[in-house]
Amino acid sequence: MDLTGDTDVLVVGAGPTGLMLAAELALAGVRVTVAERHAEPRRESRALSLHPRSRELLDQRGIADRLPAGPVAPVWHFGTLGTRLDFSALDTRHGGTLVVGQARIEALLEAWARELGAEILRGYKLVELGRDADGVDARLSGGAGRRAVRARWAVGCDGGRSAVREAAGIAFPGSPETLTGMLGDFAVTEPPPSSLLFARERPAGVLIVPMEGGLTRFALVDPARMRVPSREPVTLEEFRASLTAVCGTDFGVDRPHWLSRFGNATRLAERYRSGRVLLAGDAAHIHFPAAGQGLNTGLQDAVNLGWKLAATVRGWAPPGLLDTYDAERRPVGRALAENTEAQTLLIELPLTERYRRPGTALRGLMNELLGIEDVNRLLAERVSALGVAYPAPGPGADPLAGRRMPDFGLTAAGPADRLFALLADGRFVLLGLDGEHPAAEPWRDRVTGCAVTAHERRADLDGVRELLIRPDGHVAWASRTADPRTRAKERTAALTAWAGLP
């Protein structure tokens with residue numbers, strides 16, 4: 001059977017990145033179709049951590065309360081070092097990592113995307129992708145037959161072996177796998193320590209995380225098995241032997257619900273866009289799963305791309321807006337690759353006979369450095385992604401431009417009592433912080449203007465009279481200009497540069 005269909009955007013892959021992107025596009029009124037090769041949602045959860053910035057993004061869209069009330073870790077790890085990163089000290093209302101299975105996150109995002117009108121096709125694999133100046137032609141194959149989809153744009157959110165990336169001819173340079181670890185979800189008869197995140201350095205380590213349904217996640221790197229290729233299946237006997245070697249006990253692991261091997265291959269797409277094809281998530285960057293950053297970075301890719309692609313589809317995007325996706329997010333992908341490679345080295349060196357002593361010394365030094373507040377904050381901001389800031393639009397821009405704007409309380413004309421509540425519809429937000437309603441009427445279809453009569457005091461807002469927040473929560477423009485006429489000219493220029501012609 002042959003089926004045909006047309007859509008504005010074809011998203012390939014229904015993991016967290018693809019589903020978040022589909023929801024963002026649908027929220028903006030764009031027709032979006034998601035093609036996923038798995039017929040049913042996956043039950044296993046490779047990722048278990050929703051870091052502070054990702055929690056903020058869900059809060060910005062008003063769906064954070066749909067998350068399960070799982071445990072929140074106020075501290076996290078860097079390369080399994082004993083001195084933890086303090087997320088609770090960061091400038092956010094979400095100062096901790098929510099421990100929640102990837103399957104639960106995907107279920108939440110799929111339900112939200114469907115509510116907004118996204119079409120999700122399960123059991124369809126991309127077999128061919130053609131491109132021309134006006135769009136893409138995709139051929140899908142699945143249990144219900146073949147399906148041809150004509151779309152104006154396609155986005156590959158289909159993982160490290162991305163068929164979309166390959167079809168677009170985008171290179172994926174980097175380093176091959178040289179180290180592997182194992183993870184498993186088990187019922188246990190001898191429960192491990194009750195701490196949320198437990199690492200034992202002997203010199204190898206194991207991360208232990210309690211999960212839903214009475215299961216426990218173990219992730220470890222065993223010196224005797226760390227060169228086994230990731231394609232080789234893990235057995236229960238192997239896992240038990242490695243746990244015993246690393247921890248002195250196997251904790252009575254039994255009845256594995258999932259066993260997997262993961263590696264440290266690290267690659268970054270040469271570019272995130274090729275004509276009408278774009279990449280996001282693991283299709284754009286892969287790395288060792290150090291500190292649980294992969295899923296989170298994919299969600300953040302999706303939110304950065306969503307509003308820009310929607311603006312392009314709807315015809316109001318200013319020149320070059322879509323190109324800022326690569327310009328802003330590819331450096332984030334590169335930084336992610338670098339910090340995970342550094343963490344991998346901190347784990348691997350003490351496990352390698354030749355470098356055991358210097359590797360142990362390096363870990364000791366890093367533990368000391370993480371005890372310094374500024375160092376701890378720097379790495380905490382990187383791992384949590386709260387420190388991500390994009391390049392300012394030009395010389396003379398306010399210091400806030402490009403930075404993420406944390407949530408803050410406000411008193412305004414309307415129901416919102418905090419910034420994030422104003423971002424729920426995925427539009428720009430223009431705040432008049434001096435109580436005057438900023439003139440944004442010509443852009444009313446894409447900008448929410450709001451007069452703020454009082455707001456939560458923040459040092460970075462001292463002297464700021466107007467603030468234009470992008471749909472992804474980053475600052476597009478800020479003005480401290482007192483003269484109303486001058487400020488009006490600045491505002492018009494900023495709105496035109498970011499939200500297009502009225």
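Predicted model, so just to flag it, every value in this text is computed and none were measured. (Residues numbered from 1 in each chain as written. Predicted model: local features only at pLDDT ≥ 70, side-chain atom pairs only at ≥ 80, totals over all residues. Heavy atoms only, no water.)

**A closer look at the overall build of the protein**
Next up, step 1: Helix and strand counts for the protein come out as eleven helices and 25 strands.
Next up, step 2: Taking 23 Å as the expected radius of gyration for a compact globule of 502 residues, we find that the protein reaches 24 Å, a close match to that expectation.
Next up, step 3: Each of the three principal axes of the protein carries a C-alpha extent, and together these read 70 × 60 × 40 Å.
Next up, step 4: Burial status across the protein gives 56% buried among its 502 residues.
Next up, step 5: Considering only contacts in the protein between residues 6 or more positions apart, those separated by 24 or more positions represent 70%. (Helix = DSSP H or I, 4+ residues; strand = E, 2+ residues; numbered from the N terminus. Rg over C-alpha atoms; globule rule 2.2 N^0.38 Å. Buried < 20%, exposed > 50% of the residue type's maximum accessible area, 1.4 Å probe, protein only. Contact = heavy atoms within 4.5 Å.)

**Some words on helix H6 (residues 294-314)**
For an α-helix, the turn length of 3.6 residues means that residues three or four places apart are oriented alike.
Next up, step 1: With 21 residues, H6 should cover 30 Å at 1.5 Å per step; its first-to-last C-alpha distance of 30 Å lies within 8% of that length.
Next up, step 2: Maximal helix bending in H6 amounts to about 25 degrees, located at Leu-305.
Next up, step 3: Note on H6: the residue one or two positions beyond its end, Gly-315, has a positive phi of about 90 degrees. (Expected span 1.5 Å × (residues − 1). Bend = angle between axes of the 7 residues up to and from the residue.)

**Concerning helix H3 (residues 102-115)**
Next up, step 1: Between its first and last C-alpha, H3 extends 20 Å over 14 residues, near the 20 Å set by a 1.5 Å rise per residue.
Next up, step 2: Within the span of H3, buried status applies to Gln-102, Ala-103, Ile-105, Glu-106, Leu-108, Leu-109, Glu-110, Trp-112 and Ala-113.
Next up, step 3: Against the buried residues of H3 lie helix H1 (16-27), strand E3 (49-50), helix H2 (52-60), strand E8 (119-122) and H6.
Next up, step 4: Two residues or fewer past H3, Gly-117 is found with a positive phi of approximately 105 degrees.

**What about the pairing of strand E10 (residues 135-142)?**
Next up, step 1: Of the pairings in the sheet, the one linking strand E9 (residues 124-132) to E10 comprises eight bridges and is antiparallel in character. From the neighbouring strand, Leu-129 faces E10, where its bridge partner is Ala-138.
Next up, step 2: Remark: two residues form the turn of the hairpin made by E9 and E10, two consecutive strands paired antiparallel.
Next up, step 3: Relative to strand E11 (residues 145-156), E10 runs antiparallel, the two sharing seven bridges. Within E11, the position partnered with Arg-139 by the bridge is Ala-148.
Next up, step 4: Once E10 ends, the chain turns through two residues before running back antiparallel as E11. (Pairing = 2+ DSSP bridges.)

**A look at the nonpolar core**
Next up, step 1: Among the nonpolar cores identified, the biggest contains 67 residues, and Val-9, Leu-25, Leu-50, Leu-109, Val-155 and Leu-309 are the most heavily contacted of them.
Next up, step 2: The element that contributes the greatest number of residues to this core is H6, accounting for eight residues.
Next up, step 3: Those residues within four positions of Val-155 in sequence are excluded, and the remaining contacts are Val-9, Leu-10, Val-11, Val-12, Leu-21, Val-164, Leu-278, Ala-280, Leu-305 and Leu-309.
Next up, step 4: Core analysis: the next-biggest nonpolar cluster, separate from the first, contains 21 residues, Met-405, Val-452, Val-475 and Ala-478 among them. (Core = buried A, V, L, I, M, F, W, Y, C linked by side-chain atoms within 4.5 Å.)

**Side note on the pattern of salt bridges**
Note on pairing: side chains with opposite charge can pair once their charged atoms come close.
Next up, step 1: A full pass over the atoms with the stated rule returns 42 salt bridges.
Next up, step 2: In this structure, Arg-147 engages Glu-119 in a salt bridge whose closest nitrogen and oxygen atoms are separated by 3.2 Å. A residue pair is termed long-range when its members are at least 10 positions apart, and Arg-147 in strand E11 and Glu-119 in strand E8 qualify at 28 residues.
Next up, step 3: Judged by relative accessible area, Glu-119 falls into the partly exposed class, the value being 31%.
Next up, step 4: A salt bridge links Glu-128 to Arg-139; the shortest N-O distance between them is 3.2 Å. You can see Glu-128 sitting in strand E9 and its partner Arg-139 sitting in strand E10, a full eleven residues away along the chain.
Next up, step 5: For Glu-128, a relative accessible area of 45% corresponds to the partly exposed category.
Next up, step 6: Under the relative-accessibility criterion, Arg-139 is labelled partly exposed at 39%.
Next up, step 7: Residues joined by salt bridges that share partners form a network here, namely Asp-59, Arg-93, Asp-407, Arg-418 and Glu-456. (Salt bridge = Lys/Arg side-chain N within 4 Å of Asp/Glu carboxyl O.)

**Regarding the sheet that holds strand E7 (residues 97-99)**
Next up, step 1: With antiparallel pairing, the three strands of this open sheet are ordered in space as E3-E7-E4. Where the open sheet ends on each side, the last strands, each with one partner, are E3 and strand E4 (72-73).
Next up, step 2: Across two bridges, E3 lies against E7 in antiparallel orientation. Bridging from a neighbouring strand, Ser-49 pairs with Val-99 of E7.

**Let's talk about the side chain of Thr-266**
Next up, step 1: Summarising the element assignment, Thr-266 is placed in strand E17 (residues 266-268).
Next up, step 2: Given a relative accessible area of 7%, Thr-266 falls into the buried group.
Next up, step 3: At a separation of 2.9 Å, a polar atom in the side chain of Thr-266 contacts the main-chain carbonyl oxygen of Asn-264.
Next up, step 4: Thr-266 has contacts with Pro-173, Gly-174, Ser-175, Ile-286, His-287, Phe-288, Ala-337 and Glu-341, leaving out every residue within four places of it along the chain. (Polar contact = N/O pair within 3.5 Å; in protein donor to acceptor, adjacent residues only side chain to side chain.)

**Considerations on a nonpolar patch on the surface**
Next up, step 1: Nonpolar side chains collect at one region of the surface, where Leu-362, Leu-365, Leu-369 and Ile-372 lie side by side and expose about 310 Å² of accessible area between them.
Next up, step 2: Following the sequence through the fold, Leu-365 ends up in helix H8 (residues 356-370).
Next up, step 3: Classification of Leu-365 by relative accessible area gives partly exposed; the value is 46%. (Patch = residues over 30% accessible without salt bridge, like charges linked within 9 Å, V, L, I, M, F, W, Y side chains within 5 Å. Areas by Shrake-Rupley, 256 points an atom, 1.4 Å probe, with all protein chains shown as cover.)

**Details of the packing of aromatic side chains**
Next up, step 1: Going through the model one piece at a time under the given rule, you end up with seven aromatic pairs.
Next up, step 2: Seen from the ring of Trp-153, Arg-276 lies directly overhead, with NZ or CZ sitting 4.7 Å from the centre. (Phe/Tyr/Trp six-rings, centres within 6.5 Å; stacked < 30°, edge-to-face > 60°. Lys NZ or Arg CZ within 6 Å of the ring centre and 35° of its normal.)

**A short note on the domain arrangement of the protein**
Next up, step 1: As far as domains go, the protein holds domain 1 (7-175 + 266-384), domain 2 (180-263) and domain 3 (403-499).
Next up, step 2: The centre of domain 1, based on its C-alpha atoms, is set 28 Å off from the matching centre of domain 3.
Next up, step 3: On the side of domain 3, 24 residues touch domain 1, which itself brings 18 residues to the contact.
Next up, step 4: In total, about 1,800 Å² of surface goes out of reach between domain 1 and domain 3, with carbon and sulfur atoms giving 47% of it.
Next up, step 5: Applying the counting criterion to the domain 1 and domain 3 interface returns six salt bridges.
Next up, step 6: A salt bridge links Arg-418 to Asp-59, with the nearest nitrogen and oxygen atoms 2.7 Å apart.
Next up, step 7: Here domain 1 and domain 3 share twelve residue pairs in polar contact (both at pLDDT 80 or more) between them.
Next up, step 8: Among the secondary structure elements, those contributing two or more residues to the side of domain 1 that touches domain 3 are H2 and H6.
Next up, step 9: The dominant element in the side of domain 1 that touches domain 3, judged by the number of residues it contributes, is H2, at five residues.
Next up, step 10: Each residue belonging to the side of domain 1 that touches domain 3 can be placed in one class, and the counts come to seven nonpolar, three polar and eight charged. (Domains from an automatic or database assignment. Buried area = accessible area lost by both parts, 1.4 Å probe. Nonpolar A, V, L, I, M, F, W, Y, C, P; charged D, E, K, R; others polar.)

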